[in-house]
Amino acid sequence: MARLTLYQAPRGKPLLSVEKSSINAVEAYIRWLSVECPKYMHIGTNILCQQMAYVNQSEARRMSFGPHDPREQNPNAAWRLPVRRISERYYRGWKVKPIMNGWMLFNDSREAYFIEFGISRVGFSWAIRGDRQERLGPRRTPTRRIRRPVRKLSLIRTLKYMASTQAYHRIWSEIYTTRQHVAGFTQKVQSPGMGSFSGPMLGRRLPG
Amino acid sequence: MTTTYDPEIYLESVTRVIQEYALAGFTRAAHDVNGDDVGENLYDIIMEFPGPILDTVKTVPFEKTLIHFEIDDIQTNLLGFGDNVFAENFDQSSGTIRPQEAKKHEINFDVGIWATDSCGGTTARMRAYQILNELFSGSIATEALRRYSNGGDGPIDILSFSGGRFATERVNDIPVYRTVNSSLVVRCYSRTRIPTLELPAVMDVYVEELTIAFPEGEG
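First, a word on what this report is: a plain description of the structure on this page.

Reading the values: the criteria
- Residues numbered from 1 in each chain as written.
- Chains lettered and ligands numbered in written order.
- Predicted model: local features only at pLDDT ≥ 70, side-chain atom pairs only at ≥ 80, totals over all residues.
- Heavy atoms only, no water.
- Helix = DSSP H or I, 4+ residues; strand = E, 2+ residues; numbered from the N terminus.
- Rg over C-alpha atoms; globule rule 2.2 N^0.38 Å.
- Buried < 20%, exposed > 50% of the residue type's maximum accessible area, 1.4 Å probe, protein only.
- Areas by Shrake-Rupley, 256 points an atom, 1.4 Å probe, with all protein chains shown as cover.
- Pairing = 2+ DSSP bridges.
- Phe/Tyr/Trp six-rings, centres within 6.5 Å; stacked < 30°, edge-to-face > 60°.
- Core = buried A, V, L, I, M, F, W, Y, C linked by side-chain atoms within 4.5 Å.
- Contact = heavy atoms within 4.5 Å.
- Expected span 1.5 Å × (residues − 1).
- Arc of directions from axis to C-beta.
- Salt bridge = Lys/Arg side-chain N within 4 Å of Asp/Glu carboxyl O.

1. Brief notes about the overall build of chain B
A tally of regular secondary structure across chain B gives four helices and eight strands. Compactness check: chain B gives a C-alpha radius of gyration of 26 Å against a globular reference of 17 Å for 219 residues, more than 25% above the reference. Projecting the C-alpha coordinates of chain B onto the three principal axes gives extents of approximately 100 × 35 × 35 Å. Sorting the 219 residues of chain B into buried and exposed places 43% on the buried side.

2. With respect to the overall build of chain A
The secondary structure content of chain A amounts to six helices and five strands. Taken over 208 residues, chain A has a buried fraction of 44%. Accessible area of chain A: about 11,700 Å², with a carbon and sulfur share of 54%.

3. A word on the pairing of strand β6 (residues 157-171) of chain B
All names here are of chain B. Two strands pair when backbone bridges link them, and β6 and strand β7 (residues 174-191) are joined in this way by 13 bridges, in the antiparallel orientation. Opposite Thr 168, over in β7, you have Tyr 177 as the bridge partner. From the end of β6 to the start of β7, which pair antiparallel, there are two residues, and Asn 172 there has a positive phi angle of about 55°.

4. Let's talk about the packing of aromatic side chains
Residues and elements named next belong to chain B. On inspection of all chains with the given rule, the structure shows 13 aromatic pairs over all chains. Measuring from ring centre to ring centre gives 5.5 Å for Tyr 21 and Tyr 148, while their planes differ by 65°; the resulting arrangement is edge-to-face. Taken together, the positions of Tyr 21 in helix α1 (residues 10-28) and Tyr 148 in helix α4 (residues 139-149) put the pair 127 residues apart, joining distant regions of the chain. On the basis of relative accessible area, Tyr 148 is assigned to the partly exposed category, the value being 23%. With a centroid separation of 5.5 Å and 70° between ring planes, the pair formed by Phe 49 and Trp 114 is classed as edge-to-face.

5. Thoughts on the nonpolar core
Across soluble globular proteins, nonpolar side chains show a tendency to be buried alongside one another. By size, the foremost hydrophobic cluster in this structure holds 30 residues, and its most contacted members are Ile 67, Phe 69, Phe 109, Phe 136 and Leu 184 of chain B. Element by element, the count of residues in this core is highest for α1 of chain B, at seven residues. Those residues in contact with Phe 136 of chain B that sit more than four places away from it in its chain are Ile 18, Tyr 21, Ala 22, Phe 69, Ala 141, Ile 158, Phe 161 and Leu 184 of chain B. Core analysis: the next-biggest nonpolar cluster, separate from the first, contains 29 residues, Val 26, Met 52, Ala 53 and Leu 105 of chain A among them.

6. Details of helix α1 (residues 20-36) of chain A
Residues and elements named next belong to chain A. The end-to-end C-alpha distance of α1, which contains 17 residues, comes to 24 Å, matching closely the 24 Å that a straight helix rising 1.5 Å per residue would cover. Along α1, the residues classified as buried are Ile 23, Val 26, Glu 27, Ile 30 and Leu 33. Down the axis of α1, the buried side of the element spans an arc of 120°, and every buried residue falls inside it. With respect to the buried face of α1, the exposed residues turned more than 90 degrees away are Ser 21, Val 35 and Glu 36.

7. Observations concerning the environment of Tyr 43 of chain B
Residue and element names in this part refer to chain B. Residue placement: Tyr 43 occurs in strand β1 (residues 43-46). Relative accessible area serves as the criterion here: at 6%, Tyr 43 is assigned to the buried category. Here the alpha-carbon distance between Tyr 43 and Arg 28, two residues 15 residues apart in the chain, equals 11 Å. Not counting residues up to four positions away in its chain, the partners in contact with Tyr 43 are Leu 23, Phe 26, Lys 64, Thr 65, Ile 67, Arg 127, Ala 128 and Ile 131.

8. A few points about the pattern of salt bridges
Applying the stated rule across the entire model yields 22 salt bridges over all chains. Arg 191 of chain B serves as the salt-bridge partner of Glu 8 of chain B, at 3.0 Å between the closest nitrogen and oxygen. Of this pair, Glu 8 of chain B sits in the segment before α1 while Arg 191 of chain B sits in strand β7; the two residues are 183 residues apart in sequence, bridging distant segments of the chain. Close ionic contact of Glu 143 of chain B with Arg 147 of chain B constitutes a salt bridge, the shortest N to O distance being 3.2 Å. Of this pair, Glu 143 of chain B and Arg 147 of chain B both sit in helix α4, four residues apart, roughly one helical turn. Classification of Glu 143 of chain B as partly exposed rests on a relative accessible area of 35%. The network of salt bridges with shared partners includes Arg 147 and Lys 152 of chain A together with Glu 70, Asp 72 and Asp 110 of chain B.

Nothing here speaks to function; it is geometry throughout.
Okay, structure coming up:
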């Protein structure tokens with residue numbers, strides 16, 4: 001059983017923790033850059049974005065570290081936050097990577113999309129007999145459809161965390177800048193079918 | 001009679017006002033041959049994630065396009081300094097006060113559209129998405145909701161309406177056209193009810209006139 005690891009360490013660089021003092025130090029660094037060498041201010045804002053992404057990752061991982069239940073024997077833990085760990089892929093799937101204009105928090109597990117948007121295989125093996133809805137066949141299907149917006153809530157918690165640091169005024173300005181700006185903050189959820197404009201046909205691509 | 005915003009039951013009234021405002025907007029968005037508003041026959045507004053509704057095979061495919069609003073987060077801030085009392089409600093006869101506190105709330109809704117082929121498919125989804133944008137996005141929409149919600153005791157402000165991505169999934173093997181990842185953030189101000197408990201008021205403070213005595217010859 002895994003222990004709660006809030007941060008995925010960058011390659012080759014161990015990361016202990018992002019504290020408020022870390023954010024405040026980065027803010028002080030940005031202020032120093034803005035006076036001494038404004039040409040390189042984007043370096044400081046990039047570090048700030050990276051730290052924010054790690055805070056976001058830690059919040060998402062906290063909400064994904066529910067009871068460990070590999071055999072699915074604890075139905076009381078289902079459909080709740082924090083998310084129950086059956087395979088642990090969802091919890092381990094929260095990762096941070098650099099993108100062109102900033103940093104991205106993402107989850108590369110297949111179930112992330114379903115958990116975030118409340119999409120599930122409800123009703124595949126059910127049918128109406130008379131007035132009753134009965135189950136057909138041995139195939140296990142979820143009996144409820146509940147969305148657990150871990151990504152959205154973790155971002156809201158991240159912003160609340162940032163509001164308690166000295167860099168919050170800068171976060172306001174950076175969130176609303178365009179992607180063409182030097183630095184920004186991005187969050188995406190990758191659909192399991194790799195998506196298109198109209199999105200994947202989810203029901204057809206689920207594992208059997 | 002429509003609901004208006006009541007600061008003493010802020011969450012209940014915000015939820016109901018938004019539901020009625022959205023339903024009124026969607027009702028106006030469709031007309032029959034006589035020019036009457038018939039949108040309520042095409043759209044349904046529900047104030048929760050429609051999981052339990054969709055979980056029974058009897059309800060899918062649904063005949064009306066569903067639009068759901070679900071509260072994801074409420075950020076509450078106290079107003080004022082010190083003890084945060086904004087109205088003391090002083091009673092001169094008894095010399096007591098019954099203080100009230102005020103708070104600011106930013107309520108974050110998840111907004112989604114659900115359509116099946118029997119209620120119009122992707123066309124219904126596109127229409128609903130556009131109507132939602134007209135109702136909640138932009139300064140005209142902000143002012144419209146302020147007027148709709150204000151019954152003389154404060155309005156509801158739209159702070160943002162953003163996001164929205166189309167996804168198609170299958171419920172009970174039937175394609176359902178959804179819009180996911182939309183957020184509506186509204187702001188309102190609430191106050192606590194006037195308490196029954198009466199507290200003693202700080203009455204007038206009298207400062208006796210100071211008399212400063214100087215040693216002789218130094219005044």
